[in-house]
Amino acid sequence: MLKIQDINVYYGNIQALKGVSMEINQGEIVTLIGANGAGKSTLLKTISGLLKPKQGEVLYEGQSIGGKAAQAIVKLGISHVPEGRRVFANMSVEENLQLGAFLRKDKEGIKQEMKKVYELFPRLLERQKQLSGTLSGGEQQMLAMGRALMAKPKLLLLDEPSMGLAPLLVKQIFNIIEEINKAGTTVLLVEQNANMALSIANRAYVVETGRIVLSGNASELTASDEIKNAYLGGH
Ligand SMILES: Nc1ncnc2c1ncn2[C@@H]1O[C@H](COP(=O)(O)OP(=O)(O)OP(=O)(O)O)[C@@H](O)[C@H]1O
Ligand SMILES: [Mg+2]
């Protein structure tokens, strides 16, 4: 579904991604793990068109998208839930969700999507008219995910959805990610919570200072001493 070939991405003179290659097959949950500053968010931003690779290719369903505008990439079926949620604080839950469908014209389909999102996140339905800025952190994460789903993505990019959430809520968010995947959406999940991420993923890539240093099946990586020591607290 997605094939990234040897990309280099820069912020001015600073090179944040160095020859990164990876792929995602349709139907998978793939996780990207790595320390602060490794380049995880940069990779998601490059896929969703917020950043352009200086060299290399991003192929989505066989088509090069490395030079396309972010909006065009959403239209092709890739939605990005950024780090830190970024909901529109002065708009209601419902208005935020509607914004997620801004590129769609099919009114009936949008209604259906809204229904599905409220089924997935009953908490959002209870808070339909509430201003988003007054939601809890967990509820804002649900809203950010729901808003991305309103575009009916084929590939969902999630940047640290569990950040700052209480353990019980983290569990709930991960369950929902699995549900979204079972319903047919491919997921690329960036996480610092490597334990949880590996537990739901098919495959994983480990990023260190702009490079992929390890990749493999999630179960293999979970068992590897290198991963245990560096990312799973040595357990
Ligand atoms: N807007 C920017 N301008 C300059 N450098 C940046 C910018 N954004 C990120 N960087 C640098 O690029 C590198 C990768 O950052 P990135 O945000 O992708 O890391 P990350 O793996 O997502 O980290 P975190 O886990 O802290 O979110 C870091 O060295 C960072 O300082
Ligand atoms: Mg990040």
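This text follows the structure it describes.
Residues numbered from 1 in each chain as written. Chains lettered and ligands numbered in written order. Predicted model: local features only at pLDDT ≥ 70, side-chain atom pairs only at ≥ 80, totals over all residues. Heavy atoms only, no water.

Undergrad: What should I look at first to understand the packing of helix H6 (residues 137–149) against helix H7 (residues 167–182) in this one?
TA: One can describe the packing of H6 onto H7 by two numbers: an axis separation of 11 Å at closest approach and a directional angle of 10°. In terms of orientation, H6 and H7 fall into the roughly parallel class. Across the interface between the two elements, Gly-138, Gln-141, Met-142, Met-145 and Leu-149 of H6 pack against Leu-169, Gln-172, Ile-173, Ile-176, Ile-177 and Ile-180 of H7. Class assignment of the residues belonging to the contact of H6 with H7 gives a composition of eight nonpolar, three polar and no charged. (Axes fitted to C-alpha atoms, helices over the stretch in contact; angles between N-to-C directions. Helix = DSSP H or I, 4+ residues; strand = E, 2+ residues; numbered from the N terminus. Parallel < 35°, antiparallel > 145°, perpendicular 65-115°, else oblique. Contact = heavy atoms within 4.5 Å. Nonpolar A, V, L, I, M, F, W, Y, C, P; charged D, E, K, R; others polar.)

Undergrad: Explain the environment of Asp-159 here, please?
TA: As for its placement among the helices and strands, Asp-159 is situated in strand S7 (residues 155–159). In contact with Asp-159, other than residues within four places in its own chain, are Ser-41, Leu-44, Val-81, Pro-82, Glu-83 and Val-190. Reaching out from Asp-159, the side chain makes a polar contact with the side chain of Ser-41 at a distance of 2.6 Å. (Polar contact = N/O pair within 3.5 Å; in protein donor to acceptor, adjacent residues only side chain to side chain.)

Undergrad: Could you clarify how one ought to interpret the sheet that holds S7 in this entry?
TA: Where strands meet in a sheet, backbone hydrogen bonds hold them as pairs that are either parallel or antiparallel. As summarised here, the arrangement of the six strands in space is S6-S7-S8-S3-S9-S10, forming an open sheet in which the pairing is mixed. The open sheet has two free edges, formed respectively by strand S6 (78–81) and strand S10 (211–217), since each of these has just one partner strand. Across the sheet, the mean angle from the axis of one strand to that of its neighbour is 15°, orientation sign disregarded. Across the sheet, H6 touches S6 and S7, and the angle it forms with S6 is around 165°. (Pairing = 2+ DSSP bridges.)

Undergrad: Any chance you could explain the side chain of Lys-40 here in plain terms?
TA: Mapped onto the elements of the fold, Lys-40 is located in helix H1 (residues 40–47). Buried charge without a salt bridge: Lys-40, with Glu-160 as the nearest opposite-charge side chain at an N-O distance of 4.1 Å. Here Ala-35 takes part through its backbone oxygen, which lies 2.8 Å from a polar atom of the side chain of Lys-40. (Buried < 20%, exposed > 50% of the residue type's maximum accessible area, 1.4 Å probe, protein only. Lys, Arg positive; Asp, Glu negative; His and termini not counted. Salt bridge = Lys/Arg side-chain N within 4 Å of Asp/Glu carboxyl O.)

Undergrad: For this particular structure, what's the right way to read the pairing of strand S2 (residues 14–24)?
TA: A regular strand places its side chains on the two faces of the sheet in alternate fashion. By the bridge criterion, eight bridges tie strand S1 (residues 2–11) to S2 in an arrangement that is antiparallel. Across the sheet, Leu-2 pairs through a bridge with Ile-24, a residue of S2.

Undergrad: Honestly, the coordination of the magnesium ion (ligand 2) in this entry has me stumped. Any pointers?
TA: Six octahedral donors around a metal ideally subtend angles of 90 or 180 degrees, whereas four tetrahedral donors ideally subtend 109.5 degrees. With distances of 2.0 to 2.3 Å, the protein atoms coordinating the magnesium ion (ligand 2) are Ser-41 (OG) and Glu-83 (OE). With Ser-41 in helix H1 and Glu-83 in the loop between S6 and helix H3 (93–99), the pair connects residues that are 42 residues apart, well separated along the chain. (Donors = N, O, S within 2.8 Å, 3.2 Å for Na, K, Ca; no water.)

Undergrad: Help me out: how do you make sense of the pairing of strand S3 (residues 29–33) in this one?
TA: Counted residue by residue, S3 has five buried out of five residues, so it is predominantly covered. Along S3, one buried face is formed by Ile-29, Thr-31 and Ile-33 and the opposite face, lined by Val-30 and Leu-32, is buried too. In this structure, S3 lies alongside strand S9 (residues 203–208), joined through four bridges in parallel fashion. When the bridges of S9 are listed, Thr-31 appears paired with Ala-204.

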